[in-house]
Amino acid sequence: AFLAQEYCKKGTEDAIRWADSLPVDDLRMRETILGQLGSRLARLDLEGTAKWVSSLNQDSASERVMDNLLAHWVTQNPRNASVWVGEIKEENQRYYAMKQLASRWSLVDPVATARWLNKFPPSPKLDPVVSEFVSRISARDPEGAVGWAQSIIDPSTKQKALDKALDAWDQTSPQAAEKWRSIH
């Protein structure tokens, strides 16, 4: 943590050069250091950190940096974060980032998150993103969560999301949840 802090004081470029020089054979150490560095850099330079994350190979260390970046970005400008996420070229990394963004953004502004998700056609790749969104909004809007869960394509993922949303709905309005079950 101390080294990450010291390199961040030198600026984004120096911190990234230091991170890139770390040995890659100890993934746990790399994940810890990159996660701390990513969190600190995100506070100082969102765009620079985003550019760096985009250049990393996808592994648990880069995912930790991305998680920390999105955690900071969502609190400052989630729409810009969503644009950046949409521009990630590597498909698996993009969908991972989408899931993390949906998870964090839905806690801050579920309506804006829903509008953003509506821009994408349903697909098996999007299912984990929607499932995460359902999980996050179930307590506040169980009926809406049920509607989103129905858009999931994979039957197993859909059923798990529906069960979670319906369980939440049972807590707030058992008659409405039961009525929905009887119709569907």
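Just above sits the structure.
Position numbers for residues count from 1 along each chain, tracking the sequence in the order it is written. A pLDDT threshold of at least 70 governs which residues receive local features in this predicted model, and a stricter bar of 80 or more applies before side-chain atom pairs are shown or counted, although totals over entire chains, interfaces and linings include all residues. Side-chain figures throughout are based on the complete set of non-hydrogen atoms in the structure, without hydrogens or water.

**Considering helix H5 (residues 60-76)**
So, point 1. If you check H5, its first and last C-alpha atoms are 25 Å apart, about what 17 residues at 1.5 Å a residue would give, namely 24 Å.
So, point 2. Whether two residues are in contact is decided by their heavy atoms, any of which lying within 4.5 Å being enough. For helices the rule is a DSSP run of H or I covering at least 4 residues; for strands it is a run of E covering at least 2, with both sets numbered from the N terminus onward. In the core, the buried residues of H5 are packed alongside helix H3 (27-44), helix H4 (46-55), helix H6 (78-86) and helix H7 (91-108).
So, point 3. Here a polar contact is recorded for every N or O atom pair within 3.5 Å, except that within protein the pair must consist of a potential hydrogen donor and a potential acceptor, and residues adjacent in sequence are included only if both atoms are side-chain atoms. At the N-terminal end of H5, a side-chain oxygen is found 3.0 Å from the backbone nitrogen of Ala61, two or three residues along, and the residue is Asp59. To estimate the expected span of a helix, subtract one from its residue number and multiply by 1.5 Å.

**Quick look at the pattern of salt bridges**
So, point 1. We define a salt bridge as a side-chain nitrogen of Lys or Arg found within 4 Å of a carboxyl oxygen belonging to Asp or Glu. Taken as a whole and judged by the stated rule, the model has eight salt bridges.
So, point 2. Arg30 is the salt-bridge partner of Asp59, the closest N and O atoms lying 4.0 Å from each other. Taken as a pair, Asp59 in the loop between H4 and H5 and Arg30 in helix H3 lie far apart in primary sequence, 29 residues in all.
So, point 3. Relative accessibility thresholds used throughout: buried, under 20% of the residue-type maximum; exposed, over 50%; partly exposed, between the two (1.4 Å probe, protein chains only). Note on Asp59: relative accessible area 22%, which makes it partly exposed.
So, point 4. Looking at Arg30, the relative accessible area reads 11%, which means it is buried.
So, point 5. The partner of Arg136 in a salt bridge is Glu132, and the shortest N-O contact between them spans 3.3 Å. Placement of the pair is Arg136 and Glu132 together in helix H9 (residues 127-137), with a separation of four residues, close to one helical turn.

**Some points on the environment of Leu41**
So, point 1. Mapped onto the elements, Leu41 comes out in helix H3.
So, point 2. For Leu41, a relative accessible area of 0% puts it in the buried group.
So, point 3. Between the alpha carbons of Leu41 and Cys8 there is a distance of 6.4 Å; along the sequence they are 33 residues apart.
So, point 4. With residues up to four places along the chain from it excluded, the contact list for Leu41 reads Cys8, Thr12, Ala15, Ile16, Leu46, Thr49 and Trp52.

**Quick word on the packing of H9 against helix H11 (residues 155-172)**
So, point 1. At a closest axis distance of 9 Å, the pairing of H9 and H11 adopts a crossing angle of 10°. Taken together, the axes of H9 and H11 are roughly parallel relative to one another. On H11, the residues touching Asp127, Ser131, Val134 and Ser135 of H9 are Thr157, Ala161, Lys164 and Ala165.
So, point 2. Residues belonging to the contact of H9 with H11 are distributed by class as follows: three nonpolar, three polar and two charged. To obtain an axis, a line is fitted to C-alpha atoms, over the contacting stretch when the element is a helix, and the angle between two such axes runs from 0 to 180 degrees between their N-to-C directions. Each angle gets one of four labels, with under 35 degrees taken as roughly parallel, over 145 as roughly antiparallel, 65 to 115 as roughly perpendicular, and the rest as oblique. Following the grouping adopted for this structure description, the nonpolar residues are Ala, Val, Leu, Ile, Met, Phe, Trp, Tyr, Cys and Pro, the charged ones are Asp, Glu, Lys and Arg, and the polar ones are all others, Gly among them.

**Overview of the packing of aromatic side chains**
So, point 1. Only Phe, Tyr and Trp rings take part, Trp by its six-membered ring, and two of them pair if their centres are within 6.5 Å. Stacked means planes under 30 degrees apart, edge-to-face means over 60, and tilted covers everything else. A full pass over the atoms with the stated rule returns five aromatic pairs.
So, point 2. An angle of 85° between the planes, with centres 5.5 Å apart, marks the rings of Trp116 and Phe120 as edge-to-face.
So, point 3. With 5.2 Å between their ring centres and 80° between their planes, Phe133 and Trp148 make a pair best called edge-to-face. Taken together, the residues Phe133 in helix H9 and Trp148 in helix H10 (residues 142-150) connect sequence positions 15 residues apart. Taken as a pair, Phe133 and Trp148 share a single burial class, namely buried.
So, point 4. Connected via pairs of aromatic rings, a cluster forms that spans Trp105, Trp116 and Phe120.

No statement about biological role is implied by the geometric values presented.
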